[in-house]
Amino acid sequence: MNGIRDALIITKRQLLQLTRVPEVLIFTTIQPVMFVLLFRYVFGGLGVGIKGGYVQLLMPGIFVQTVAFTLAATAQGLAQDMEKGLIDRFRSLPIARSAVVVGRTLGDGLLNIVVLVVMGLAGFIVGWRPTSGVFHILLGFLMLLFFGYSLSWAGIFAGLISKDARVVANVSFLFIFPLTFLSNAFASTTSMPKALQYFAEWNPVSTMVAAARQLFGFHNTFGVTAHSLPSEHPIQTSLVYMVLIMGIFIPLSVRRYKTASSR
Amino acid sequence: MKSVVAENIVKTYRKGAVLALDGLSLDVEEGTVLSVLGPNGAGKTTLVRVLSTLLEPDSGHATVGGIDVIKNPKGVREIIGLSGQYAAVDETLTGWDNLVMFGQLYHLSGAAARQRATELLAQFSLADAAHRPIKTFSGGMRRRLDLAASLIIRPKVLFLDEPTTGLDPRGRMEMWGVIEDLVREGVTLLLTTQYLEEADQLADDIVVIDHGRVIAHGTSDELKNQVGGERVEIVVAEANVSPATEIIERVTHGQATVDQGLRKISVPVSDGTQTLIAVIRAFDEAGIHALDLALKRPSLDDVFLSLTGHVAEEEVVVEPGKKKRGARA
């Protein structure tokens with residue numbers, strides 16, 4: 001139980017940081033809202049023929065992209081603690097080895113709740129209308145949170161192996177940006193070259209977007225090239241991906257943390 | 001009783017390419033201060049990291065407070081305090097926030113953590129700045145807060161890794177004052193430093209290390225004696241340099257060296273104060289006025305030079321929170 005208590009103290013620290021530097025929270029939420037507005041009005045024309053308009057397909061895409069960015073945020077936060085020597089101090093304390101990393105992933109997860117609520121409201125204002133009912137909508141958001149949470153474990157690992165917070169943030173984005181665009185998030189995959197279509201279809205971002213669309217009550221008309229497993233069962237595939245990501249990165253991160261060194 | 005014992009610690013980095021600790025052994029008697037003195041890259045930080053359980057050695061054996069650092073690292077963490085080369089605190093939070101958080105991580109209750117934070121902030125003259133973000137602190141204040149954070153549980157053994165590196169002279173004096181207070185309270189302290197005067201000022205015992213090995217061990221006095229005895233140094237007016245040199249050589253039976261530019265005459269002596277008095281008497285009789293007159297003992301700089309064959313490296317000024325260039329110290 002002490003392990004959980006220790007982790008929650010670390011999470012509390014992150015929330016305390018938000019009250020001391022409120023700008024962080026403001027800009028963390030402004031950016032996704034800006035994306036909602038830009039995509040909604042720049043690419044809105046792509047939605048010709050889609051019931052309810054492009055915004056219905058866009059919102060799940062932007063939700064997924066935003067929670068995927070958690071990877072970079074987590075990595076940067078942890079790398080900063082490494083740089084400052086804070087991880088050394090934490091490691092010299094009689095606390096559970098998992099506390100610092102678990103605490104941080106929980107903190108970033110909580111931040112995602114705020115971000116998703118703000119984005120959901122922004123989406124609603126510009127015409128997003130999920131049709132599946134409260135239970136399925138909540139389930140959709142829960143799955144989005146869980147997706148972000150699993151990716152933040154990849155961020156933990158990246159933060160632990162990096163030596164520089166700014167570098168790790170930039171590298172993470174180099175990795176996430178293509179992943180979110182080589183998907184069904186913003187445009188139909190059927191217009192991509194054949195090889196990319198296969199990649200896009202198996203891309204965890206696509207399966208998560210398709211799952212969210214399904215849970216919010218929309219037929220996923222973007223990105224079904226064949227009757228492949230991920231496009232037939234997006235929810236199940238996404239869950240498998242999340243378990244897989246955490247199954248790889250949690251043990252790697254905890255092991256790495258044990259020998260983590262600030263220099 | 002020995003509070004810290006390290007035996008034959010070997011630690012290599014990069015799969016053996018860099019030998020940081022090369023069979024290093026030392027111990028610290030309970031309630032005393034041991035200073036580990038050495039230049040950058042000598043292995044000081046690696047040693048502290050091994051003893052504070054942050055790093056597992058390749059081989060060797062170490063105990064802190066009688067607890068094995070390899071077999072029971074958690075037991076060691078419960079009785080030590082560690083303060084590193086840069087302030088390891090959350091800069092976005094206030095000093096108060098930091099101390100309360102660390103108190104809770106030491107499993108104090110919320111109320112106990114808050115009370116301890118108040119005590120420590122007062123003890124380290126940080127009460128006025130308690131509710132300011134650390135970002136606004138001076139380098140000296142950050143270090144004091146960092147030290148405060150390592151004292152939350154009143155550790156049995158305290159490790160300070162270069163506590164004044166990068167501080168300005170004023171910050172360094174303040175830090176020394178704080179450390180001297182702790183020493184008076186009887187804390188067992190292992191302190192690394194590359195400042196020879198710091199070891200001289202704070203430590204009971206000094207271990208000099210270079211390239212991961214102990215190259216000398218003793219009190220400050222013992223180390224100075226090891227290098228060589230005392231010297232009498234006298235400065236006289238220009239006209240008096242040669243008669244004064246004759247008198248000095250006659251009285252001390254030694255070979256004097258003369259710096260004409262500084263008009264300084266220097267001679268090795270065996271029984272320092274006695275000889276000094278004899279020299280003064282002889283000068284008085286001859287009517288020579290000494291402008292400056294001193295009994296000089298070798299500095300730790302001299303110790304280092306004679307032990308390693310090279311001078312202690314120049315200090316590297318590190319901005320708090322910034323990465324340090326170069327090798328592991």
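Let's shift gears to the overall build of chain A. Per the secondary structure count, chain A includes 12 helices and 0 strands. Secondary structure elements of chain A, listed N to C terminal, follow the sequence α-α-α-α-α-α-α-α-α-α-α-α. Oriented by its inertia axes, the alpha-carbon framework of chain A measures out at about 60 × 35 × 35 Å. By residue count, 54% of the 263 residues in chain A fall in the buried class. Within chain A, residue pairs in contact and separated by at least 24 positions form 82% of the contacts whose partners lie at least 6 positions apart. When the accessible surface of chain A is totalled, it reaches about 11400 Å², and 73% of it is carbon and sulfur. Counting 20 positive and 9 negative side-chain charges, chain A places the averaged centre of each group 2 Å from the other.

All right, on to the pairing of strand β6 (residues 80-83) of chain B then. The two faces of the sheet receive side chains in turn, since in a regular strand these alternate between them. Residues and elements named next belong to chain B. Both faces of β6 are covered, namely the face carrying Ile80 and Leu82 and the face carrying Gly81 and Ser83. As paired elements, β6 and strand β7 (residues 157-161) share 4 bridges and run parallel to each other. Across the sheet, Ser83 pairs through a bridge with Leu160, a residue of β7.

Residue and element names in this part refer to chain A. At a minimum axis distance of 8 Å, the contact between helix α7 (residues 134-161) and helix α12 (residues 234-258) shows a crossing angle of 30 degrees. Of the possible angle classes, the one that applies to α7 and α12 is roughly parallel. In this structure, α7 meets α12 at a crossing whose hand is left-handed. Packed against α7, whose contacting residues are Met143, Phe146, Phe147, Tyr149, Ser150, Leu151, Trp153, Ala154, Ile156, Phe157, Leu160 and Ile161, the element α12 presents Ile235, Ser238, Leu239, Met242, Ile245, Met246, Phe249, Ile250, Leu252, Ser253, Arg256 and Tyr257 at the interface.

We now examine a nonpolar patch on the surface. All names here are of chain A. Nonpolar side chains collect at one region of the surface, where Ile26, Phe27, Ile30, Met34, Leu38, Val42 and Phe43 lie side by side and expose about 660 Å² of accessible area between them. Inspection of the secondary structure assignment puts Leu38 in helix α2 (residues 22-42). Assessed through its relative accessible area of 43%, Leu38 is described here as partly exposed.

Further remarks concern helix α1 (residues 2-20) of chain A. What sets the pattern is the α-helix's 3.6 residues per turn: residues three or four places apart point alike. Between its terminal C-alpha atoms α1(A) stretches 27 Å, which fits the 27 Å expected from 19 residues at 1.5 Å a residue. Buried within α1(A) are the following residues: A:Asp6, A:Ala7, A:Ile9, A:Ile10, A:Thr11, A:Arg13, A:Gln14, A:Gln17 and A:Leu18. Considering only its buried residues, α1(A) is in contact with α2, α4 (70-83), α5 (86-91) and α6 (99-125) of chain A together with α3 (95-105) of chain B.

Right, let's get into the sheet that holds strand β1 (residues 2-13) of chain B. Residue and element names in this part refer to chain B. What the 4 strands build is an open sheet, ordered β2-β1-β4-β5; its pairing is antiparallel. Across the chains shown, the open sheet's two edge strands, defined by having one partner strand only, are β2 (18-29) and β5 (67-68). Examined bridge by bridge, strand β4 (residues 59-64) and β5 share 2 bridges and lie antiparallel to one another. Paired with Thr63 across the strands is Asp68, a residue of β5. Contacts from helix α1 (residues 44-51) reach β1, β2 and β4 within the one sheet, and its direction differs from that of β2 by about 60 degrees.

Turning our attention to the nonpolar core. Taken as a class, soluble globular proteins show a tendency for nonpolar side chains to be buried jointly. Judged by nonpolar contacts, the single largest core of 66 residues is most densely connected at A:Phe90, B:Leu99, B:Phe102, B:Leu105 and B:Leu147. Excluding anything up to four places from it in sequence, B:Leu147 contacts B:Ser83, B:Phe124, B:Leu158, B:Leu160, B:Met175, B:Val178, B:Ile179 and B:Leu182. Listed in part, the 42 residues of the second largest apolar core include A:Phe35, A:Val126, A:Leu151 and A:Ile176.

As a further point, take the layout of surface pockets. Residues and elements named next belong to chain A. If you add up the space inside the largest pocket, you get close to 1000 Å³. Val24, Thr28, Ala73, Gln76 and Leu111 are, among the 36 residues lining the largest pocket, the residues nearest its centre. Contributing elements (two or more residues each) for the lining of the largest pocket: α1, α2, α4, α6 and α8 (165-181). In the lining of the largest pocket, the residues fall into 16 nonpolar, 12 polar and 8 charged.

Okay, the domain arrangement of chain B next. For chain B, the assigned domains read domain 1 (2-79 + 155-224 + 306-327) and domain 2 (230-296). Relative to domain 2 of chain B, the C-alpha centre of domain 1 of chain B lies at a distance of 40 Å.

With that out of the way, let us pick up the interface of chain B and chain A. Listed as interface residues are 35 residues of chain B and, on the opposing side, 30 residues of chain A. Counting each side, the surface lost to burial between chain B and chain A is near 3100 Å², with a carbon and sulfur contribution of 53%. Where chain B packs against chain A, one counts 5 salt bridges. Here B:Asp90 makes a salt bridge to A:Arg13, at a shortest N to O gap of 2.6 Å.

Conventions we followed
- Residues numbered from 1 in each chain as written.
- Chains lettered and ligands numbered in written order.
- Predicted model: local features only at pLDDT ≥ 70, side-chain atom pairs only at ≥ 80, totals over all residues.
- Heavy atoms only, no water.
- Helix = DSSP H or I, 4+ residues; strand = E, 2+ residues; numbered from the N terminus.
- Buried < 20%, exposed > 50% of the residue type's maximum accessible area, 1.4 Å probe, protein only.
- Contact = heavy atoms within 4.5 Å.
- Areas by Shrake-Rupley, 256 points an atom, 1.4 Å probe, with all protein chains shown as cover.
- Lys, Arg positive; Asp, Glu negative; His and termini not counted.
- Charge placed at Lys NZ, Arg CZ, Asp CG, Glu CD.
- Pairing = 2+ DSSP bridges.
- Axes fitted to C-alpha atoms, helices over the stretch in contact; angles between N-to-C directions.
- Parallel < 35°, antiparallel > 145°, perpendicular 65-115°, else oblique.
- Left-handed = near helix turned anticlockwise from the far one by under 90°.
- Patch = residues over 30% accessible without salt bridge, like charges linked within 9 Å, V, L, I, M, F, W, Y side chains within 5 Å.
- Salt bridge = Lys/Arg side-chain N within 4 Å of Asp/Glu carboxyl O.
- Expected span 1.5 Å × (residues − 1).
- Core = buried A, V, L, I, M, F, W, Y, C linked by side-chain atoms within 4.5 Å.
- 1 Å grid on protein atoms, 1.4 Å probe; cavity = no way out; pocket = protein on both sides within 12 Å on 5 of 7 lines; lining within 4 Å.
- Points joined across faces, edges and corners; volume = space filled by probe spheres on them.
- Nonpolar A, V, L, I, M, F, W, Y, C, P; charged D, E, K, R; others polar.
- Domains from an automatic or database assignment.
- Buried area = accessible area lost by both parts, 1.4 Å probe.

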